[in-house]
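So you can see what is in the structure, the chains are spelled out below.
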Amino acid sequence: MALTNVLLLSQIAGHVIGLIVSLCMIVPMSMHLHDFKGKCLLFSGGTWEDNGYLKVTWASRAYCDYVIAIGVLTFIVCSVQIYRLSMFMYKGADSSFLSAFLEAVGSAIMCLLTVCTAIIMTLGFMSWCQIIVMRFTSCEAGAGQSIDKDDQIQTSGFYIETGAAQFGAWAAFATWVGLAVFSTLKVCRYHQRENIQVSMFRERQRLVNESGSPTTQDHTGRSTPPLEAGAQ
């Protein structure tokens, strides 16, 4: 029971962290899309014109939408799991083997989705910053500057917003890795307990068989009780 409580508490704490970092993806990226008039800077490029403005070649908005979608998915899953695991903790029970196995599989899938999100955020932001540093000393220095005259985008918060979303994506990946480890440990514990129960059952059956009345077999192979004392 002690190990069960530790795993449950660890899972609840992990999902609480996942709930928080999901907001670090949802809120900043939503603000970024609002400031950039629905355009996504991830993997966007362009060329600087003689008038000092950037002729932007905007990438697909699907990159930013994907980040927000994974953030929303993480928020929903973590909320459900916090409630579910809290009920187990309150009742002093634990999930079944099938439920623990599905948790492990689900955590592994979320690890894959969040690491893809983190890579997209990192590489996409780097691609945008490579264009910005052609004019400014750093990517951060370009924040708040008039960059794109045609689209009238608001650039004052793009560095903080995108940086926060990038942090949230990598933090979400690290959180799901930890949750996958906890779920796998729970599955292993169930498997170990099942092996112990099977071994105890076999040992009990062996003891029952050995404690039975001794019998002898005649030449026909039939079991006959032992002869009484003095019988010929």
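Values in this document were obtained by computation on a predicted structure and should not be read as measured data.

### As for unusual backbone geometry
Residues other than glycine seldom take positive phi values, yet Lys-37 does so here, at roughly 55 degrees. Looking at the secondary structure, you find Lys-37 in the loop between helix H1 (2-35) and strand E1 (45-48). Of note in this structure, Phe-43 is not a glycine but carries a positive phi near 65 degrees. Inspection of the secondary structure puts Phe-43 in the loop between H1 and E1.

### As for helix H2 (residues 62-91)
Helix length check: H2, at 30 residues, gives a terminal C-alpha distance of 43 Å against a target of 44 Å (1.5 Å per residue), a fit within 8%. Among the residues of H2, those classed as buried are Cys-64, Val-67, Ile-68, Ile-70, Gly-71, Thr-74, Cys-78, Gln-81, Ile-82 and Leu-85. Gly-92 sits one or two positions beyond H2 and adopts a positive phi of about 70 degrees.

### Examining the side chain of His-32
Inspection of the secondary structure puts His-32 in helix H1. The buried category is assigned to His-32, whose relative accessible area is 0%. Of the polar contacts made by the side chain of His-32, one reaches the backbone nitrogen of Leu-41; its length is 3.2 Å. Filtering out sequence-adjacent residues up to four positions away, His-32 remains in contact with Lys-39, Cys-40, Leu-41, Cys-64 and Glu-161.

### Concerning the UniProt feature "transmembrane region" (unreviewed entry) in the chain
When the UniProt feature table is mapped onto this chain, "transmembrane region" (unreviewed entry) is found at residues 6-27, 63-84 and 104-126. Along residues 63-84, the helical share is 100% and the strand share 0%, with 32 Å between the first and last C-alpha atoms.

### Let's talk about the state of the cysteines
Under the defined criterion, the tally for this structure stands at two disulfides. Paired through a disulfide, Cys-40 and Cys-64 show a sulfur-sulfur distance of 1.9 Å. Handedness of the Cys-40-Cys-64 disulfide follows from its S-S torsion of about 80 degrees: it is right-handed. Here Cys-40 is found in the loop between H1 and E1, whereas its partner Cys-64 is found in helix H2, with 24 residues between them in sequence. Side by side, Cys-40 and Cys-64 carry an identical accessibility label, which is buried. At a sulfur-sulfur separation of 2.1 Å, the disulfide partner of Cys-129 is Cys-139. The disulfide joining Cys-129 to Cys-139 has a torsion of about -65 degrees about its S-S bond and is therefore left-handed. With Cys-129 in helix H3 (residues 97-132) and Cys-139 in the loop between H3 and helix H4 (158-210), the pair connects residues that are ten residues apart, well separated along the chain. Cys-139 matches Cys-129 in its accessibility class, with the two residues each being buried. Here the chain pairs its bonded cysteines, counted in sequence order, in the arrangement 1-2, 3-4.

### Quick look at a nonpolar patch on the surface
Taken together, the side chains of Leu-23, Val-27, Met-31, Val-72, Phe-75, Ile-76 and Val-80 define a hydrophobic patch exposed on the protein surface, amounting to about 560 Å² of accessible area. Those elements that place two or more of their residues in the nonpolar patch are H1 and H2. Broken down by element, the nonpolar patch gets its largest block of residues, four residues, from H2.

### Comments concerning the packing of H2 against H3
Relative orientation of the contacting elements H2 and H3 amounts to 155 degrees, with a least axis distance of 10 Å. Comparing the axis directions of H2 and H3 gives the class roughly antiparallel. H3 is crossed by H2, and the crossing has left-handed handedness. Listed contacts from H3 to Tyr-63, Tyr-66, Val-67, Ile-70, Leu-73, Thr-74, Gln-81, Arg-84 and Leu-85 of H2 are Ser-99, Glu-103, Met-110, Leu-113, Thr-114, Cys-116, Thr-117, Ile-120 and Met-121. Looking at the contact of H2 with H3, its residues break down into eleven nonpolar, five polar and two charged.

What counts and what doesn't
- Residues numbered from 1 in each chain as written.
- Predicted model: local features only at pLDDT ≥ 70, side-chain atom pairs only at ≥ 80, totals over all residues.
- Heavy atoms only, no water.
- Helix = DSSP H or I, 4+ residues; strand = E, 2+ residues; numbered from the N terminus.
- Expected span 1.5 Å × (residues − 1).
- Buried < 20%, exposed > 50% of the residue type's maximum accessible area, 1.4 Å probe, protein only.
- Polar contact = N/O pair within 3.5 Å; in protein donor to acceptor, adjacent residues only side chain to side chain.
- Contact = heavy atoms within 4.5 Å.
- UniProt positions renumbered as here; feature names shortened; annotations may be inferred.
- Disulfide = S-S within 2.5 Å.
- Patch = residues over 30% accessible without salt bridge, like charges linked within 9 Å, V, L, I, M, F, W, Y side chains within 5 Å.
- Areas by Shrake-Rupley, 256 points an atom, 1.4 Å probe, with all protein chains shown as cover.
- Salt bridge = Lys/Arg side-chain N within 4 Å of Asp/Glu carboxyl O.
- Axes fitted to C-alpha atoms, helices over the stretch in contact; angles between N-to-C directions.
- Parallel < 35°, antiparallel > 145°, perpendicular 65-115°, else oblique.
- Left-handed = near helix turned anticlockwise from the far one by under 90°.
- Nonpolar A, V, L, I, M, F, W, Y, C, P; charged D, E, K, R; others polar.

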